Amino acid sequence: YMGGIFWRARMQKPQLFFRTTPFHGYSVKFSPHVGGALAVASAQNFGVQGQGRVHILAIVENQFRPLASYTTEDGVFDVAWSEVFPNHVFIATGDKVLLWNAGDRNAQLGVFAEHTQEVYGVDWNIKTKDTFITASWDGSIKWWSPNQQTSLRTFSEHAGSVYQAKWAPHDAHTFASVSGDRTLKVWDVRTERAVLTFAAHPLDILSCDWNKYRPGTIVSASVDKTVKVWDIRGAPVRPLKEFTGHSLAVRRVVCSPHNADIVASTSYDRAVIVWNMATPNPVLQHTAHHADFATGLDFNLFVEGQIASCAFDAGVYAWKLGEPVTSFGADPTNQVSLQTMVVK
């Protein structure tokens, strides 16, 4: 398995750091196979133009060690590990998805190219372990098998860009999607029509995730600066919780794989906030270690409380929940941050 190095990977200190220069981070995903492996999606020029790169990092001897990388013609906006083959990574780049064997640096195994605009999200089905979905700015979600290069079905009800689609961890046929049309939709892949649609936020919804311990519970994150928790089993659907603490758009939200009450979010305000739904003061940790828009976030399935984040500052961090996170500052090769250009 990548020369056996992942088997020696282990977390030994509170914080790790890696710079993806000259690529700016978009997404991070811990491996579902080995706790010390991390895939990072990144793009040149903040994803506006230029190439992309996937970085495979291992946590070895108190540091991130780069194991492999794969450079693409277009920016890479998201990644997903295969649940079957430990080395296989799905890469959302430009308007297509590539399947790459990270154990062979140049082994491209497949191209999935039906979207007409950028693919912003890719997610592997953790129940059946044989299909994946893609979310695109063209307003559609597509359902794929890695064994064929034509999609199994297309879902096209959203009236705006689809920023993320996530499989339900409790049902092999169900996924949720969020969009610039300000709705959250729940789908069953056996039909082309959404089984549930509701207006979850007053502005674009950028991210969603399912609670692994509470079937029917979804969290959403929006440009409106909030994170909301929903129980979709009732009618009408109402938020169970609403978290306010970010000062700019919330880019990503992730539920803990170990604790039903823990949710983490990252924002264009550079902060990562870990929330505890069960306490009167829900902010469990607030850290602003990034120097530009914070974009990617994930929990380590194998190390409880370990979190990784990435941002447009080209920094990748990993730390243990509750431990202080020291900032390594802005990418020294960048003349200006995107946050400085956009946020007045």
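Cut-off values and rules
- Residues numbered from 1 in each chain as written.
- Predicted model: local features only at pLDDT ≥ 70, side-chain atom pairs only at ≥ 80, totals over all residues.
- Heavy atoms only, no water.
- Helix = DSSP H or I, 4+ residues; strand = E, 2+ residues; numbered from the N terminus.
- Core = buried A, V, L, I, M, F, W, Y, C linked by side-chain atoms within 4.5 Å.
- Buried < 20%, exposed > 50% of the residue type's maximum accessible area, 1.4 Å probe, protein only.
- Pairing = 2+ DSSP bridges.
- Axes fitted to C-alpha atoms, helices over the stretch in contact; angles between N-to-C directions.
- Phe/Tyr/Trp six-rings, centres within 6.5 Å; stacked < 30°, edge-to-face > 60°.
- Polar contact = N/O pair within 3.5 Å; in protein donor to acceptor, adjacent residues only side chain to side chain.
- Contact = heavy atoms within 4.5 Å.

**Considerations on the environment of Ala278**
Here Ala278 shows up in the loop between strand S24 (272-276) and strand S25 (283-287). For the pair Ala278 and His24, spaced 254 residues apart in sequence, the C-alpha to C-alpha distance is 35 Å.

**So, the nonpolar core**
Taken as a class, soluble globular proteins show a tendency for nonpolar side chains to be buried jointly. In this structure, Val54, Ile56, Val79, Val89, Ile91 and Trp100 are the most contacted members of the largest nonpolar core, which totals 18 residues. Elements with a minimum of two residues in this core: strand S3 (37-43), strand S4 (52-60), strand S5 (63-72), strand S6 (76-81), strand S7 (88-93) and strand S8 (96-101). If one sorts the elements of this core by residue count, S4 sits on top with four residues. Counting 14 residues, the second-largest nonpolar core is a separate cluster that includes Ala200, Ile205, Cys208 and Trp210.

**What to know about the sheet that holds strand S28 (residues 315-320)**
Taken in spatial order, the four strands of this open sheet run S1-S28-S27-S26, and their pairing is antiparallel. Since the sheet does not close on itself, it has two edges, and those belong to strand S1 (15-19) and strand S26 (294-299), each with one partner. Pairs of neighbouring strands in the sheet enclose a mean axial angle of 15°, with direction left out of account. Direction of pairing for S26 relative to strand S27 (residues 306-311): antiparallel, over a ladder of five bridges. Within the sheet, the bridge partner assigned to Ala294 lies in S27 and is Ala311.

**Observations regarding the packing of aromatic side chains**
This structure, assessed with the given rule, holds 27 aromatic pairs. When the centroid spacing of 5.0 Å and the interplanar angle of 80° are considered together, the rings of Tyr26 and Phe77 count as edge-to-face. Taken as a pair, Tyr26 in strand S2 (residues 24-30) and Phe77 in strand S6 lie far apart in primary sequence, 51 residues in all. Taking 6.2 Å as the distance between ring centres and 80° as the angle between the ring planes, the aromatic pair formed by Tyr26 and Tyr120 counts as edge-to-face.

**Some thoughts on the side chain of His289**
Its place among the elements puts His289 in the loop between S25 and S26. Given the relative accessible area of 1%, His289 is considered buried. At 3.0 Å, the side chain of His289 and the side chain of Thr287 are in polar contact. For His289, the residues in contact, after removing those within four places along its chain, are Arg270, Val272, Ser309, Tyr317, Trp319, Val325 and Ser327.

**Notes on unusual backbone geometry**
Across residues other than glycine, the phi torsion is negative in most instances, and most of the peptide bonds are trans. The omega torsion across Thr21 and Pro22 is 5°, close enough to zero to call that bond cis. Here Ala235 and Pro236 are connected by a cis peptide whose omega angle stands at -5°. Relative to the helices and strands, Pro236 resides in the loop between strand S20 (226-231) and strand S21 (239-244). Positioned with a positive phi, Lys225 is a non-glycine residue whose angle comes to about 80°. Structurally, Lys225 is set in the loop between strand S19 (217-222) and S20.

**A few points about the sheet that holds S21**
Strand pairing in a sheet relies on backbone hydrogen bonds, with the paired strands running either antiparallel or parallel. Pairing within the open sheet is antiparallel, and its four strands lie in the order S18-S19-S20-S21. Unpaired on one side and paired on the other, strand S18 (205-210) and S21 mark the two borders of the sheet. The mean angle between the axes of side-by-side strands here comes to 20°, regardless of whether they run parallel or antiparallel. Of the pairings in the sheet, the one linking S20 to S21 comprises five bridges and is antiparallel in character. Counterpart to Lys228 in the pairing with S21 is Glu242.

That is the geometry; function is a separate question.
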